[in-house]
Amino acid sequence: MFKYLFAKGDDIPRGTAAVYFGISSIIWFVIGTGLGSFNAAKLAFPDFVTGSEFFSFGHMRQVHVMAVIFGWISMAFAMAMMYITPALGNTKLWSEKLGVWNCFLWNVGLSLALCLLWAGISSGREYSDFPWFIDIYVLAFIGIPLGLNVWMTVIKRRTQGIYTTNWFFAGAVFMVWIVLFVGNLPEYFQLTGLTEAYLTWWFAHNVLGLWITPVAAAIAYYTVPKITGNPLYSHRIGHLHFWSVVVFYSTPAAHHLMSSPLPEWLKSFASVEGVLILVPAIAFVSNLILTMTGKWHYFVDNVETKFTMTGVLLAIPLNMQGGFQQTRAINWYIHGTGWIVAHAHLALLGFSTFLEASAVYYGLQTIMRRKLYSLALANFHFWFLLIGFCTYWISMTIAGLIQGAAKIYEVPYIDTVIAEHPYMIARWVGGTMVFTGNCVWLYNMWMTAREGTLIPEGRLPHELAYER
Amino acid sequence: MAFREYKIGARMFGLALGGSMMITLYMPSLDIVKVGSTEYGVRKSLSFGRVGGFSLEDPFLRGWSKPKTVLLKKDPRTGAAMDPTYAYVYEPGVRFTSSIPHPRILGVGVKDLSLEKGHINEAREAEGAVFLVQEGRYEGKKYPYIENATATRNWTPDVVLSSVKDSDIQKIGSGKIMFVREGCWWCHTLLPEETQDWQVFGAPPALGDFNSETPTAFGSDRKAPDLLHIGSRNSSREWMMMHFFNPRLVQPHSIMPRFDYLWGEKDASGNRIDYDKWRADYNAYTAGERVYPPDVPVPAQDSDARMLIDFILSLK
């Protein structure tokens, strides 16, 4: 990587930035899920590794969250943008060198930021935990270069129209700038009180709604038609999805604070808008399921489609939960319980991770022009991810319902803790399976880069047969 | 510019996103700026100081540059007896909570009284100041307000601090830093819910309880009891001490981590704390080889544990 930082732009092979982003994202995924599994062990067995602040739950929990959001998910997005945007514009990436620098600064900045968080140097605001100088770094050296590259590539495209995926990419990189800036205003300008509380959740909601969800969905709009060869079922529905994300997904931030003293109108408004999130969700899922018509055998035969469609299908429970759990009728029961933790993992580890994994699998093979090293290992990864995730999701949902009941019947809190214990163990087992699967993935990708069969010019990776 | 054909789209995008920001950012802010601070809110923010998380005055989150909350039973200048009163002491150089330089945060009435009767605009960070919370009338209604006792009564920080015993000084602001740094808020919330929590965890907060406080650290994932009113449920320093050192001493089924490392090197009487020995003894106790668990050392006056306990017990 370092050799390209100061190379002449033209000397850098096409796709270099995407490869670096792809490999980095997998490494961060392994780190992030490893931390997650460690944290889960601490919740099941509190005296597992104790006596040092660096292995204390409160010091590690946010490192896990930020490593998967900024390391795994967002870097996988960057990798997807670096190869899909030019591919759809029938052109090359605007600046490969900017891409390489972007990846370098991203890894350096994130490592530093996570070390600080680990030491407890935090702003104390959930999801915007980084202190403000890191927030500025994230915007200036991570968000802006990425967005610039995507926008310039779209502008310099050599196609007439802009495909749905690129609408999403370009829209999301722009929206995430706004989110990163506005969401951190309380730290830049010392805003206090309810304003700070509300903006914290405004940020948390919009990072998910205007960055993670639309970009993950955009990946599916690319990989499914590309691999199956079916054209997208409907561009109109794709645009309905895009516009309803912009209009509806950007508004319900206050539904995270339903039982706090915010203005009542704001909570009611957020709750109604929250149900309307079902509009983009249904548009997305139905569009892709209809695109698969006649090609469902790919769901079994082809690993990338398996990942993509699992992600798409997981969007159904995700949005059904998401749309309704924030209404007052349901929120009072499950707010603050493990149910929400389960839901958050359904969004990030279920829906979005499967889509990003498909992009990274497919993208790395395409750019490196090497066929995946081993189908068996990829299937191992898939099933460990899926079963691990489901174990996690189901056990945390049950734990959440127990907590909800305990909250309403006002049992002494310690009884809740005791009742949750078996589910905490299940959660740890699930998390550890995910981590194991990812280690295998890292190995598989490494071997693909070194020993995968070369893909001849003019062929696509999924057209070749697997060898292992 | 190849975006020509997307002009309408780009404008629609601006309109849609702008409209959404207008409703979710601008309109709520109009409501939120109107919120007047409650007495509880005023006291809380005076005891916490400017920031509860990362800040330039406390970059490593060690609890630097935070005010001290002092329980006064007699007038620090004259020594005359007075009703027990909390004074919020900002030593020279300690950053004031935001409502002192920006009284607007306090809301109508509270702001006006604090300026007119409380003289908070005369407070200077470089010289330090002592604040009290009083109650007054503004346009016929009752409001709490902040009194700058350095200006009104000539109580300087060192006069106040030297007039009381150490046990009457609480480092609540520094304790809040510990709360944020140690990630207590990943398990505990500071927000009893409006719907369900009245009986067990106490009243949910009011609109004006947060003015001038940052971060609010509500917490979202409740793996443990809400702590907003913990000081009223359990005010035992002894219990807190044992519970933080090792929660399993008082609550065998707890999943709370041990925070023994917050005790630092030495205990209150200056003796080294031998953690290895303590843990070995404790293991012997859990294995049934000892009848009693080892004694928990009393935290030193300037230890992180002491600050944290001050903070927790202040949550009434």
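Residues numbered from 1 in each chain as written. Chains lettered and ligands numbered in written order. Predicted model: local features only at pLDDT ≥ 70, side-chain atom pairs only at ≥ 80, totals over all residues. Heavy atoms only, no water.

**Focus: the overall build of chain B**
A count of helices and strands for chain B gives eleven helices and five strands. By its C-alpha atoms, chain B is 80 × 60 × 45 Å across when sized along the principal axes. When burial is assessed residue by residue, chain B has 58% of its 316 residues classed as buried. Summarising the internal contacts of chain B: among those between residues at least 6 apart in sequence, 68% fall at separations of at least 24. Summed over all atoms, the accessible surface of chain B reaches about 13900 Å², with 55% contributed by carbon and sulfur. Side-chain charges of chain B comprise 39 positive and 39 negative groups, with the mean position of each set lying 3 Å from the other. (Helix = DSSP H or I, 4+ residues; strand = E, 2+ residues; numbered from the N terminus. Buried < 20%, exposed > 50% of the residue type's maximum accessible area, 1.4 Å probe, protein only. Contact = heavy atoms within 4.5 Å. Areas by Shrake-Rupley, 256 points an atom, 1.4 Å probe, with all protein chains shown as cover. Lys, Arg positive; Asp, Glu negative; His and termini not counted. Charge placed at Lys NZ, Arg CZ, Asp CG, Glu CD.)

**Some remarks on the overall build of chain A**
For chain A, the count of helices and strands is 17 helices and zero strands. In terms of overall dimensions, chain A is globule-like: its C-alpha atoms have a radius of gyration of 22 Å, near the 23 Å expected for 468 residues. Dimensions of chain A along its principal axes, counting C-alpha atoms only, are 65 × 45 × 45 Å. Buried positions account for 65% of the 468 residues belonging to chain A. (Rg over C-alpha atoms; globule rule 2.2 N^0.38 Å.)

**A short note on the pairing of strand 2 (residues 81–90) of chain B**
All names here are of chain B. Relative to strand 2, strand 1 (residues 68–74) runs antiparallel, the two being bridged by six bridges. Residue pairing across strands places Val 70 opposite Ala 87, the latter belonging to strand 2. In textbook terms, the turn of a hairpin is the stretch between consecutive antiparallel strands, and for strand 1 and strand 2 this stretch comprises six residues, one of which, Gly 79, has a positive phi near 80°. Where strand 2 and strand 3 (residues 129–138) come together, three bridges link them in antiparallel fashion. (Pairing = 2+ DSSP bridges.)

**Description of the side chain of Asp 135 of chain A**
Residues and elements named next belong to chain A. Along the chain, the position of Asp 135 falls in helix 5 (residues 132–155). With no salt bridge to any partner, buried Asp 135 finds its closest opposite charge in Arg 125, at an N-O distance of 5.6 Å. Among all residues touching Asp 135, those that are not within four sequence positions of it are Phe 130, Asn 184, Glu 187 and Tyr 188. (Salt bridge = Lys/Arg side-chain N within 4 Å of Asp/Glu carboxyl O.)

**Let's talk about the confidence of the model for chain B**
As a note on interpretation, predicted positions should not be read in detail where pLDDT is low. Model confidence for chain B is summarised by a mean pLDDT of 94, while 98% of its residues fall at 70 or above. We note a pTM of 0.95 for the whole complex and an ipTM of 0.94 for its interfaces. (pLDDT = per-residue confidence, 0-100.)

**Notes on the packing of aromatic side chains**
Residue and element names in this part refer to chain B. Tallied over the full model, the rule gives 56 aromatic pairs over all chains. Note on Tyr 90 and Phe 131: the rings are 5.5 Å apart at their centroids and 80° apart in plane angle, and the pair reads as edge-to-face. Residue Tyr 90 is located in strand 2, and its partner Phe 131 is located in strand 3; the two are separated by 41 residues in the primary sequence. Residue class for Tyr 90 comes out buried when judged on its relative accessible area of 0%. Between Phe 245 and Trp 278 the ring centres are 4.7 Å apart and the planes differ by 75°, which places this aromatic pair in the edge-to-face class. Of the two residues, Phe 245 is situated in helix 9 (residues 237–245) and Trp 278 in helix 10 (residues 275–286); the sequence distance between them amounts to 33 residues. (Phe/Tyr/Trp six-rings, centres within 6.5 Å; stacked < 30°, edge-to-face > 60°.)

**Some thoughts on the environment of Ala 216 of chain A**
Residue and element names in this part refer to chain A. Relative to the elements of secondary structure, Ala 216 occurs in helix 8 (residues 193–228). Taking the C-alpha atoms as reference points, Ala 216 and Phe 382, separated by 166 residues in sequence, lie 17 Å from one another. If we skip the residues at most four places from it in the chain, Ala 216 touches Phe 77, Phe 351, Ser 352, Leu 355 and Glu 356.

**Digging into the nonpolar core**
With 198 residues, the main nonpolar core has Phe 130, Trp 211 and Phe 284 of chain A together with Trp 263 and Ile 312 of chain B as its most contacted residues. Counting only domains with at least three residues in this core, you end up with domain 1 (39–173) and domain 2 (177–314) of chain B. Leave out the neighbours within four places in its chain, and Trp 263 of chain B touches Met 241, Phe 244, Phe 245, Ile 273, Tyr 275, Val 296, Pro 297, Val 298, Pro 299, Ser 303 and Ala 305 of chain B. The next biggest cluster of nonpolar side chains, apart from the first, holds 19 residues, and it includes Tyr 90, Phe 96, Ile 100 and Val 110 of chain B. (Core = buried A, V, L, I, M, F, W, Y, C linked by side-chain atoms within 4.5 Å. Domains from an automatic or database assignment.)

**Details of the domain arrangement of chain B**
Residue and element names in this part refer to chain B. Structurally, chain B comprises domain 1 (39–173) and domain 2 (177–314). When the buried area of domain 1 at its contact with domain 2 is split by residue, Tyr 40, Leu 61 and Lys 171 rank highest and sum to 27% of it. Along the contact surface separating domain 1 from domain 2 lie three salt bridges. Ionic pairing is found between Arg 306 and Asp 166, a salt bridge with its closest N-O pair at 3.4 Å. Remark: the boundary between domain 1 and domain 2 carries 14 residue pairs in polar contact (both at pLDDT 80 or more). Put simply, the parts of the chain that give the side of domain 1 that touches domain 2 at least two residues each are helix 2 (39–48), strand 5 (169–170) and helix 6 (172–181). Broken down by element, the residue count for the side of domain 1 that touches domain 2 peaks at five residues, all from helix 2. Across the side of domain 1 that touches domain 2, the residue classes tally to nine nonpolar, ten polar and seven charged. (Buried area = accessible area lost by both parts, 1.4 Å probe. Polar contact = N/O pair within 3.5 Å; in protein donor to acceptor, adjacent residues only side chain to side chain. Nonpolar A, V, L, I, M, F, W, Y, C, P; charged D, E, K, R; others polar.)

**Some details on the pairing of strand 4 (residues 141–148) of chain B**
Residue and element names in this part refer to chain B. Counting buried positions along strand 4 yields six of eight residues, so the element is predominantly enclosed. Inspection of the sheet shows strand 3 paired to strand 4 by eight bridges, in the antiparallel sense. Paired with Val 133 across the two strands is Ile 146, which belongs to strand 4. In this structure, the hairpin formed by strand 3 and strand 4 is closed by a connection of two residues, where Glu 139 is found at a positive phi of approximately 45°.

**A look at the interface of chain A and chain B**
Listed as interface residues are 80 residues of chain A and, on the opposing side, 77 residues of chain B. Summing both sides of the interface, chain A and chain B together bury roughly 6600 Å²; the carbon and sulfur share of this comes to 66%. On the chain A side of the interface with chain B, the three residues burying the most area are Gln 190, Pro 261 and Tyr 413 of chain A, jointly 9% of the side's total. Viewed at the interface, chain B and chain A are joined by three salt bridges.

**A short note on the packing of helix 3 (residues 57–89) of chain A against helix 5 of chain A**
Residue and element names in this part refer to chain A. Between helix 3 and helix 5, the least distance of the axes is 9 Å, while the angle of their chain directions is 20°. Classified by the angle between their axes, helix 3 and helix 5 sit roughly parallel to one another. Note that helix 3 runs across helix 5; the crossing there is left-handed. Counted together, Phe 70, Ala 78, Met 81, Met 82, Thr 85 and Pro 86 of helix 3 and Val 138, Leu 146, Asn 149, Val 150, Thr 153 and Val 154 of helix 5 form the full contact between these two elements. Split into classes, the residues belonging to the contact of helix 3 with helix 5 amount to nine nonpolar, three polar and no charged. (Axes fitted to C-alpha atoms, helices over the stretch in contact; angles between N-to-C directions. Parallel < 35°, antiparallel > 145°, perpendicular 65-115°, else oblique. Left-handed = near helix turned anticlockwise from the far one by under 90°.)

**Some points on a nonpolar patch on the surface**
Residue and element names in this part refer to chain A. A cluster of nonpolar residues, Phe 45, Phe 48, Val 49, Phe 54 and Phe 55, forms a patch on the protein surface that exposes about 420 Å² of accessible area. Note on placement: Phe 48 falls in the loop between helix 2 (16–44) and helix 3. What makes Phe 48 partly exposed here is its relative accessible area of 35%. (Patch = residues over 30% accessible without salt bridge, like charges linked within 9 Å, V, L, I, M, F, W, Y side chains within 5 Å.)

**Some thoughts on the pattern of salt bridges**
All names here are of chain A. Taken as a whole and judged by the stated rule, the model has 32 salt bridges over all chains. One salt bridge connects Arg 125 with Glu 196, and the closest N-O pair in it is separated by 3.0 Å. Of this pair, Arg 125 sits in the loop between helix 4 (96–118) and helix 5 while Glu 196 sits in helix 8, and the two are 71 residues apart along the sequence. Here Arg 125 and Glu 196 have matching classes, each one buried. For the salt bridge of Arg 328 with Glu 264, the shortest nitrogen-to-oxygen distance reads 3.1 Å.

**Here's the deal with unusual backbone geometry**
All names here are of chain B. A cis amide bond, omega -15°, links Thr 214 with the succeeding residue Pro 215. Of note, Pro 215 is situated in the loop between helix 7 (198–201) and helix 8 (230–233). If you check the backbone angles, Ser 65 has positive phi at about 55° while not being a glycine. Along the polypeptide, Ser 65 turns up in the loop between helix 2 and strand 1.

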